[in-house]
Structure formats: C-alpha cells, structure tokens
Amino acid sequence: MSQTQGRITAVLGPTNTGKTHYAIERMLGHRTGIIGLPLRLLAREVYDRIVAVRGPSVVALLTGEERIVPERTQYWVCTTESMPEGMGVDFLAVDEIQLCADPERGHVFTDRLLHARGLLETVFMGSDTMRRTIAALLPKAQFQHRERFSTLTYTGSKKISRMPGRSAIVGFSVDGVYAIAELLRRQKGGAAVVMGALSPRTRNAQVEMYQNGEVDHLVATDAIGMGLNLDIEHVAFSSLRKFDGRRMRDLQPNELAQIAGRAGRFQTNGTFGVTGEAHPLDERVVDAITSHSFTPIKKLQWRNSRLEFGSIARLIAALERPPEDEIFVRAREADDLIALKTLGGDAECAARATDGPSVRLLWDVCRIPDFRGISRQEHANLLTTIYGHLHEHGNLPEDWMTRQIDRIDRTDGDIDTLSTRLAFIRTWTYVAQRRGWCGDESHWRDTTRAVEDRLSDALHTALTQRFVDRRTSVLLRRLKQKEVLVAEINDKGEVTVEGQFVGRLEGFRFHQDANTSGDEAKTVKAAATAALGPEFHLRADRFYNAPDTEMDFTEQGGLMWGEQAIGKLTRSDDPLKPGITPFVDDEAGVEVAEKVQRRLQHFIDRKIAALFEPLMNIQRDEAMTGMAKGFGFRMIEAMGVIDRRAVATEVKELDQDARGLLRKHGIRFGQFTIFMPLLLKPAPTRLRLVLASLAKGVDEFPESPPPGLVTIPAIKGIEIETYLMSGYRPAGDRAIRIDMLERLADMLRAEDSRGGFEAKPDMLSITGMTLDQFSNLMEGLGYKAERGEREKTRPQAPEQVAKPEAETDSAETPADAEPAEAPEPEVFYTFTWGSQRPDNKSQNKPKGKPRNKAKPKQDNKARNFQAKPPRKEKPIDPDNPFAQALMGLKTGNK
C-alpha cells in the first residue's frame with residue numbers, strides 16, 4: 001500500500017471520546033472501506049453495528065476464525081492482523097494505534113501505520129501518546145484531538161461486597177476472574193464474565209446479561225479496555241500486575257487509563273478504584289489517569305515485512321533483520337517465528353520446504369495461532385502434521401479433519417473443559433478459513449462454526465449456572481425498576497416472584513428459602529416482602545370470612561386454618577377466655593395482624609361455648625342460688641370434672657333441692673368423682689386439657705387419650721389432676737375412665753366388702769381386663785386382693801346308658817380302662833376393703849393360697865363369704881340412681 005495515497009488523519013484522545021464512532025461514520029461516507037480493530041470481539045461488535053445500518057450483503061467480517069465475505073462487499077471489518085492487503089479501498093482506518101508499542105503484537109500495528117492506506121482517506125485512532133511518533137513518521141498527517149465526553153474520578157478502595165451496581169471488576173488471570181465472579185454470585189446475585197479468550201458468541205451472551213440488567217456486575221480481563229462499549233459506571237482493579245506472556249509486571253499508567261476509561265459512557269461520568277488485594281493507586285498515577293497525561297511513546301515495535309521465501313534460512317533471516325530507524329525496536333521473537341525455527345529444524349519439513357511456494361506455505365502454517373496453549377512442542381507437532389498434509393495432498397484429508405473435530409464436538413463437562421474444547425475448535429476454525437486448505441471450504445467453515453457455536457452456548461450456560469444466581473439477579477433488577485412485584489403461590493404454599501422460588505407461605509408467615517445467605521438472602525427477603533403485601537391483605541379477608549369448620553386448635557394450643565398454623569392460645573386471667581397470639585409477619589402490617597387476631601378470638605370463643613355448653617348453662621341459670629350456685633361455679637372452674645375428696649365438705653352441705661338443681665344440668669355425684677358425662681366426650685376432653693394446661697402455665701401440654709378406651713396406662717410422674725382433666729382416674733398400673741369407674745363402684749356397692757367377694761363377669765367386662773389386671777385395679781382403688789387356687793369346676797356330663805350284661809365285653813380288663821384326668825386348677829381373687837389409700841399402687845400379694853389364722857377347711861368351690869349374723873341392708877344413697885333402681889327391682893320381686 002502506498003504511503004502517499006489520500007489524506008491521513010490521526011484522531012487521538014482518551015477513552016470515551018467517540019473515536020471509533022467517528023471512523024465508522026467516515027467509512028460509511030465512502031463507497032468502500034476497511035477498518036482494523038484490535039480484538040475479534042470488538043470486530044464482531046462493529047460488524048454488527050454496520051450490518052444494522054447497511055445490511056449484511058455489503059459488509060464483510062475477517063478475523064482469524066471468522067470469514068464472512070458477501071459477493072458485493074463494500075466494507076470490511078477486520079482484526080488488525082487479518083486486514084487484507086492491496087484491496088484499493090477508498091477509506092482505511094486502524095483503531096488503538098498506540099498498540100504499536102505492544103511487545104507481542106506491536107509489529108503488526110507498526111506495519112499498518114507505515115503501509116496501510118486508503119485511496120482517499122486514512123484514519124488512525126488512538127492515544128495522545130502517539131502524536132509525536134506519528135508526526136515523525138508521517139509528516140503530512142493531520143491531527144484531531146478529542147476530549148473525553150465525561151469526567152473520570154478516582155474513588156479509592158472498595159470491598160467487593162460494597163461494590164456499586166453497574167461496576168466492572170478487572171482481573172488479569174482466568175482463575176482470578178472466576179474467583180471474583182464466584183464471590184459476586186454469593187453477595188450480589190452474580191456477574192457476567194468477559195475475557196478475550198471467549199468466542200464472540202459467548203462474550204455477546206454474557207454482555208447481554210449485563211446490558212439488560214439481568215446482572216449488575218461484570219468481571220473481565222483487560223479485554224474490556226479495547227473499545228468494548230458497555231454501560232459501566234465504575235471500574236475496579238483487583239490487581240495491578242499482569243503476565244505479559246514472558247513475565248509478571250506492573251501495569252503502566254496509560255494501560256490502567258485504557259481500562260479505567262471504560263467507566264462512564266458518553267456524557268455519564270465514571271469512577272475507578274481498586275478492590276481486593278490491589279493496593280491504592282499512587283497520587284501521581286491517579287493524576288495521570290484523570291488528566292490523561294502520559295509519557296509519550298518514543299519507540300515502536302517493528303518486524304521486517306519484506307519477506308524472502310527462497311529458503312527457510314532466508315525467511316528467518318528476513319524476519320530477524322534489525323530496523324534501520326532508531327525509532328523502531330525489533331520485536332521479540334514471536335510465536336510464529338519460534339514455530340518456523342522448530343519446523344525448520346525438522347528433517348521432514350526441511351526436505352519439503354525447498355522452493356519458494358513450499359517455504360511460503362510453511363510460513364502460513366507457522367502463523368496458525370497457538371489457541372490451545374498446551375506446549376510449544378505440542379503446537380509444533382500439530383503444525384508439522386498440517387504442513388505435511390498440505391504439501392503432499394494440496395489440502396487436508398476429509399477423514400482426518402473429521403476425526404479432529406469429532407473429538408471436540410461435545411458439550412458436556414465443566415467450564416474449564418468447555419473452554420479447552422473451545423480453544424481447540426478455534427484452531428480448526430482458523431484452518432478452515434484459510435483459502436485452499438480444505439477441499440470443501442464452505443462445508444468445513446460451516447462445520448467448525450457450528451461446533452464453535454454449540455460450545456459457545458454450552459460455555460455461556462456453564463458460566464451462567466456457576467456465576468449467576470438467576471433468582472437474586474432477577475429480583476434485584478425488578479426491585480431497582482420499582483415495578484409492582486407479583487407473588488404466585490401454589491397449593492403447596494410455594495411462593496415464586498417473577499418466576500423465581502423465594503420460599504413458602506404458611507398462613508400469614510413467610511418462610512424464606514433456606515438455601516439463601518448474605519446479600520442473596522436480603523434480596524430475596526426484600527422481593528418477597530414487596531410481592532406478598534397484597535397477598536397478605538387478600539388472605540386476611542378470606543380468613544376473616546372463612547367458616548369455623550375450616551379452623552381447629554391443636555393439643556399444644558396451636559390454632560390452625562386448614563393445615564396452616566396461624567396462631568396460638570395464650571394464658572389469661574379467665575381459663576375459659578384464653579388470649580390469642582396470631583402468627584403474622586411484621587411485614588404484613590398491623591391491620592392484617594389485628595384482623596387475624598379478631599377472627600381467631602371469635603373462633604375459640606364459639607368453640608368453648610359449644611363444647612362447654614353444659615357449663616355455660618350453669619353460668620346463665622338465674623334459678624341457681626346459694627350453695628347450688630357456689631358449687632356450680634366450682635364445676636365451671638374445674639371444667640366439669642372434680643375429685644370428690646376435694647369437695648367432700650361442700651357435697652355434704654348440699655341439700656336435696658340443691659343437688660336436684662345441679663343434676664338438672666347433668667352433674668353426676670359419683671363415689672370417686674363429681675363430673676358431667678357430656679364433658680367426658682373426646683372433643684370437650686381435648687379442649688379441657690388445652691385450657692387447663694394453659695392455666696397451669698406448663699410448656700408441654702398432655703395429649704388427650706384416644707377415644708373409646710376404658711383404661712389407659714398409668715405413667716409415673718403424671719399428676720392425678722392431669723388424668724382427671726383427661727377423664728380418667730389412676731388405679732394401680734392403669735387409669736380407668738371416670739364414668740366406667742362409677743359403674744364399677746355401683747356394682748361393688750352390692751358386694752360384701754367385709755366378708756370378701758370375687759370378681760363378677762360384668763366387672764371384668766366393663767373394665768375390659770383380665771382377672772390379674774382387675775386385681776391390680778382393685779388394689780389401686782383401696783381393696784385387698786387375696787389370690788388363691790382351686791380345682792376348676794366342670795359342667796357334669798350326661799349319665800351314660802348301662803349296657804346289658806350280655807353285651808359286656810368279658811375280656812375287658814382294668815388295664816384297658818381310660819385313666820382319670822388330673823383336676824385343672826384355676827386362680828381366683830377374694831377382695832375385701834383395705835386400709836391403704838386408694839390412690840397408692842399396691843403390689844400383688846405372694847402367689848399361693850390365701851393364709852387364714854384359723855385355716856378353715858376349703859371346699860374349693862366358688863362362693864361369697866358372709867359374716868354371721870346377716871347384716872342389715874344399708875339405706876339407699878339418694879345420690880346413687882343405680883342403687884335406687886336396684887332397690888326398685890328388689891321391691892318388685894317381693
């Protein structure tokens with residue numbers, strides 16, 4: 001390209017001055033043009049912008065791995081290394097021209113500065129540090145200085161946990177970038193990841209997450225410093241050192257400025273600072289960055305571009321030729337030159353490269369970038385194979401290419417595995433773009449591009465899954481947009497906000513997902529609170545209007561609405577009017593809490609009134625006065641069940657009229673207990689236990705016995721009062737239901753407890769006990785139980801018919817007769833009233849026959865013992881309806 005063609009303009013200035021935009025506008029003002037850009041990612045971005053304006057039919061994209069060239073191409077968008085020569089276009093531009101000083105790639109930019117020209121106009125964009133050098137090399141060049149549209153301010157050091165939104169955190173290693181992204185996922189909901197090694201497809205997908213607000217942070221390498229236009233407000237350096245391919249070194253102020261300048265786009269001001277282990281910037285460095293004042297570039301990297309292909313040795317010599325101008329510095333040995341020397345030392349390659357075309361082909365193969373980065377020897381081995389195929393066959397064998405690509409075409413694995421495969425496929429994408437290297441160029445370009453796309457999508461998915469908490473990022477975005485959040489609740493109570501699971505709603509309490517912590521938990525909580533506000537009010541209205549049948553109380557005093565706990569009963573001055581504590585989150589508001597509390601109070605008040613209606617009737621009966629009224633209130637306080645011993649004096653003082661009034665209300669005066677049979681049913685018993693436990697202030701309430709049981713085990717340590725509230729009375733090893741105990745007492749009253757008696761079948765029947773169990777029960781009631789054994793009485797067999805003597809077998813002998821069966825013993829108990837207290841559990845007496853001092857002769861027959869003479873019958877107890885009925889039967893029989 002001639003150095004004298006067209007106007008040459010150097011548009012220089014700091015970042016965010018619109019230099020690249022200016023060049024694109026100038027190019028589109030010409031009929032044809034080429035623009036060279038420093039990164040494949042940036043080239044793709046500019047290509048997409050121009051296609052959006054002029055359409056895909058006139059725009060070409062040339063990078064190492066992509067080649068899109070329509071037949072009617074007018075505008076070429078390229079990486080700087082891929083810019084075609086000799087095109088004769090009207091306009092040509094090269095961006096980031098200050099990279100002429102870059103140790104690795106500088107010689108390429110220097111060559112474009114010296115030789116790349118447009119027929120009508122040439123534009124170089126870059127830093128002001130290149131002004132003197134460009135002026136020295138291109139005396140006729142015109143200069144445009146552009147001021148930054150916005151200001152850049154240093155904010156010092158910030159922890160990552162306090163990093164503001166719309167921030168980019170810059171690292172200089174893959175491991176460092178991943179570590180920061182992982183930290184941001186835990187604390188901020190996630191981050192997008194941008195690195196130069198990513199494919200444009202992966203990079204664009206990651207950037208889109210950031211640009212649309214799905215994540216609020218970006219973690220990147222210094223790739224973002226090369227013209228990538230992102231909505232960044234703050235740039236934070238996590239390190240101030242990088243590996244430049246040869247060694248670790250400190251970043252220069254102009255390099256820091258190139259990256260920091262990404263903060264603040266157009267007229268939006270930006271900030272920059274440090275984070276993590278990066279030490280604060282020196283004041284002089286900060287001043288240089290904010291004032292855009294840097295040491296001018298005086299030396300440019302240079303490598304001879306006039307190559308000689310007569311032999312491998314002559315080509316190497318040409319590449320190592322020193323510069324003639326002192327402004328240039330010979331570039332250090334690049335990867336392509338190292339590969340050339342390695343292959344040149346291979347006997348087979350050297351034997352093939354004996355003429356100009358073979359040497360030129362060898363050089364083209366050596367320029368394949370080492371995307372894989374395994375080792376130089378591995379890379380050299382691959383290049384040797386490729387060169388051998390190309391030299392021998394003219395192109396790469398189809399089956400060989402298929403095997404290479406098939407090994408890579410897999411989307412399983414983690415981020416590192418996918419990144420490695422993506423680096424491998426970039427090699428074959430590059431190879432497929434070389435003209436004439438593949439038999440079916442179009443097929444292999446499409447194939448390699450398709451594999452790269454699949455791997456890019458898989459890598460984007462893997463990066464997102466690892467470094468983005470979708471839930472937190474979505475919720476953060478919607479919260480910042482201050483839009484109304486809507487909660488959706490399924491039949492299991494699972495709450496989703498904007499499609500993200502946030503927890504469960506049980507009644508009026510929200511239980512946040514347990515898998516959240518830190519800032520993520522705060523975000524989920526904030527989103528759930530905002531979304532559930534309307535739901536709390538709607539749910540409170542539904543609950544207030546719900547029927548009592550949908551509510552219940554638990555045996556521990558909890559209050560339920562269906563299967564959801566919404567409150568609990570609390571102790572109050574009146575045991576029959578317990579207080580209510582609703583389970584309502586503070587975020588639901590006072591109005592919701594008060595409405596829930598009122599409805600629960602209505603429910604429990606009505607429940608007590610219904611189940612304790614007999615007690616309530618006593619309270620409302622105006623006819624009850626005096627002793628009857630006082631005893632009625634004792635029954636109300638005791639919730640319908642009183643141990644008779646506790647009120648023995650009051651019972652004796654009740655006259656017949658008072659007792660009659662009390663009996664009308666269903667109060668039964670039993671031998672052991674005074675109770676109301678209706679209140680022994682399961683539902684009132686369950687409520688009585690809860691209310692009594694509340695009144696006592698115990699932490700754990702006893703459970704009500706299963707309905708229908710006559711006796712239950714008597715457990716040590718449980719107070720008799722608890723059994724009484726349950727409707728039972730302990731006696732021996734078991735507790736017997738109160739009403740059944742009184743029926744048993746009626747039966748026992750007819751027995752001779754002084755002379756002794758045995759258990760009747762009816763006694764065993766109503767208790768549902770064996771004889772041994774019944775004896776233990778009787779001992780618990782205060783009786784003595786004497787155990788004895790006797791011969792079991794058998795029913796007499798019918799008399800046998802006598803046989804005639806003629807029919808008698810004369811041969812029958814006594815030995816042939818059946819032996820008589822041994823008598824079968826049976827156990828029996830004789831019960832007499834004892835002196836021990838009835839509530840003490842008595843031990844069983846020693847087994848054996850009852851011991852009597854006189855040792856009367858026993859006839860081993862079941863009998864009742866009576867003293868002589870017969871005692872007078874006791875007068876009928878007016879409080880015992882069963883005794884009165886028995887006397888009526890006796891009178892009737894007479």
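The model shown is predicted, which means the values in this text are computed figures rather than measured ones.

Enquirer: How do you make sense of the pattern of salt bridges when you look at a structure like this?
Expert: Between side chains of opposite charge, a pair can form as their charged atoms come close. Taken as a whole and assessed by the stated rule, the structure comprises 54 salt bridges. One salt bridge connects Lys 595 with Asp 541, and the closest N-O pair in it is separated by 2.6 Å. Remark: Asp 541 occurs in helix H18 (residues 518-544) and Lys 595 occurs in helix H19 (residues 590-611); sequence separation between them is 54 residues. Between Arg 599 and Asp 548 there is a salt bridge, and its shortest N-O distance comes to 2.6 Å. Of the two residues, Arg 599 sits in helix H19 while Asp 548 sits in the loop between H18 and strand S23 (551-553), which places them 51 residues apart along the sequence. Taken together, the shared-partner salt bridges connect Arg 40, Arg 44, Asp 48, Glu 65, Glu 66, Arg 201, Arg 426, Arg 449, Glu 452, Asp 453 and Asp 457 into one network.

Enquirer: Would you mind going over the sheet that holds strand S27 (residues 641-643) with me for this structure?
Expert: The pairing of strands in a sheet comes from backbone hydrogen bonds and takes either a parallel or an antiparallel form. Reading across from one edge, S27-S29-S28 is the order of the three strands in this open sheet, with antiparallel pairing throughout. One side of each edge strand has no neighbouring strand; the edge strands of this open sheet are S27 and strand S28 (668-669). Relative to strand S29 (residues 673-675), S28 runs antiparallel, the two being bridged by two bridges. Across the sheet, Arg 668 pairs through a bridge with Phe 675, a residue of S29.

Enquirer: I'm lost on the packing of aromatic side chains in this one. Help?
Expert: Between two aromatic rings, the relevant description is the distance of the centres plus the angle of the planes. One pass over the structure, following the stated rule, counts 14 aromatic pairs. Seen in terms of ring centroids, Phe 508 and Trp 561 are 6.3 Å apart; in terms of plane orientation they differ by 15°. Their pairing is stacked. Of this pair, Phe 508 sits in the loop between strand S21 (500-506) and strand S22 (509-512) while Trp 561 sits in strand S24 (residues 558-561), and the two are 53 residues apart along the sequence. Judged by its relative accessible area of 0%, Phe 508 is buried. A relative accessible area of 13% places Trp 561 in the buried class. Ring geometry for Phe 757 versus Tyr 783: centroids 6.1 Å apart, planes at 85°, classification edge-to-face. Remark: Tyr 783 occurs in strand S33 (residues 783-791) and Phe 757 occurs in the loop between helix H26 (738-749) and helix H27 (761-767); sequence separation between them is 26 residues. Pair check on accessibility: Phe 757 and Tyr 783 agree, each one buried.

Enquirer: When you look at the side chain of Gln 98 in this model, what are you seeing that I'm missing?
Expert: Position of Gln 98 relative to the elements: it lies in the loop between strand S6 (91-94) and helix H3 (106-115). By relative accessible area, Gln 98 is classed as buried at 11%. Polar contacts involving the side chain of Gln 98 include one to the side chain of Gln 258, which spans 3.4 Å.

Enquirer: What am I meant to see in helix H14 (residues 398-406) here?
Expert: Of the positions making up H14, those classed as buried are Trp 400, Met 401, Gln 404 and Ile 405. With its buried residues spanning 125° around the axis, H14 presents them on a single face. Those residues of H14 that are buried are in contact with helix H13 (376-393), helix H15 (415-433) and helix H16 (441-467).

Enquirer: Help me understand helix H23 (residues 656-664) in this model?
Expert: Along an α-helix, residues three or four apart share an orientation, since each turn contains 3.6 residues. For H23, the complete set of buried residues consists of Ala 658, Arg 659 and Leu 662. Buried residues along H23 cover an arc of 95° about the axis, so they all sit on one side. In this structure, H23 carries Asp 657 and Lys 664 as exposed residues pointing more than 90 degrees from its buried face. Each element contacted by the buried residues of H23 is listed here: helix H21 (626-637), helix H22 (648-653) and S28. With a side-chain oxygen lying 3.3 Å from the backbone nitrogen of Asp 657, the N-terminal cap of H23 falls on Asp 655.

Enquirer: Looking at this model, I keep getting lost on the sheet that holds S24. Mind explaining?
Expert: Spatial ordering of the open sheet is given by S23-S24-S25-S26, a layout of four strands whose pairing is antiparallel. Among the strands making up the open sheet, the edge pair consists of S23 and strand S26 (579-582). Strand-to-strand twist across the sheet, computed as the mean angle between neighbouring axes with direction ignored, equals 30°. Taken together, the four bridges between strand S25 (residues 564-570) and S26 define a ladder with antiparallel strand orientation. Each bridged residue has a counterpart across the sheet, and for Gly 567 the counterpart in S26 is Pro 582. Packed on one face of the sheet, H19 meets S23, S24, S25 and S26 and runs near 140° to S26.

Enquirer: Before we go on, may I ask you to explain unusual backbone geometry in this structure?
Expert: Leaving glycine aside, a negative phi is the common case for residues, and trans is the common case for peptide bonds. Not every positive phi belongs to a glycine, and Arg 166 is a case in point at roughly 60°. Positioned with a positive phi, Met 639 is a non-glycine residue whose angle comes to about 60°. Position of Met 639 relative to the elements: it lies in the loop between H21 and S27. For Met 639, a relative accessible area of 3% gives the class buried.

Enquirer: In this structure, what is going on with the environment of Arg 688? I would like to understand it.
Expert: As for its placement among the helices and strands, Arg 688 is situated in helix H24 (residues 682-696). Apart from the residues within four sequence positions on either side, Arg 688 is in contact with Phe 612, Ala 638, Met 639, Val 641, Leu 679, Leu 680, Met 725 and Gly 727. Here the side chain of Arg 688 touches Met 725 through a polar contact of 2.8 Å, landing on its backbone oxygen.

Enquirer: I keep staring at the nonpolar core and nothing clicks. Help me out?
Expert: Ranked by size, the top nonpolar core spans 62 residues in total, and within it Leu 340, Val 365, Ile 386 and Trp 428 carry the most contacts. At the level of secondary structure, the elements contributing two or more residues to this core comprise helix H5 (174-188), helix H9 (312-319), helix H10 (335-344), helix H12 (356-366), H13, H14, H15 and H16. Once you skip the residues sitting within four places of it in the chain, Trp 428 turns out to touch Leu 382, Ile 386, Trp 400, Met 401, Gln 404, Ile 405, Ile 408 and Thr 448. In terms of nonpolar packing, the next biggest core, distinct from the first, is built from 60 residues, Met 551, Ile 580, Val 592 and Leu 615 among them.

Enquirer: Could you clarify how one ought to interpret the confidence of the model for the protein in this entry?
Expert: Interpretation of this model should avoid reading the predicted coordinates in detail wherever pLDDT is low. Per-residue confidence for the protein averages 85 on the pLDDT scale, and 87% of its residues sit at or above 70. Between residues 839-871, whose pLDDT stays under 50, and residues either more than four places distant or in other chains, the model counts 49 contacts. In the predicted structure, residues 888-894 sits below a pLDDT of 50 and forms one contact with residues beyond four places in sequence or in another chain.

Reading the values: the criteria
- Residues numbered from 1 in each chain as written.
- Predicted model: local features only at pLDDT ≥ 70, side-chain atom pairs only at ≥ 80, totals over all residues.
- Heavy atoms only, no water.
- Salt bridge = Lys/Arg side-chain N within 4 Å of Asp/Glu carboxyl O.
- Helix = DSSP H or I, 4+ residues; strand = E, 2+ residues; numbered from the N terminus.
- Pairing = 2+ DSSP bridges.
- Phe/Tyr/Trp six-rings, centres within 6.5 Å; stacked < 30°, edge-to-face > 60°.
- Buried < 20%, exposed > 50% of the residue type's maximum accessible area, 1.4 Å probe, protein only.
- Polar contact = N/O pair within 3.5 Å; in protein donor to acceptor, adjacent residues only side chain to side chain.
- Arc of directions from axis to C-beta.
- Contact = heavy atoms within 4.5 Å.
- Axes fitted to C-alpha atoms, helices over the stretch in contact; angles between N-to-C directions.
- Core = buried A, V, L, I, M, F, W, Y, C linked by side-chain atoms within 4.5 Å.
- pLDDT = per-residue confidence, 0-100.

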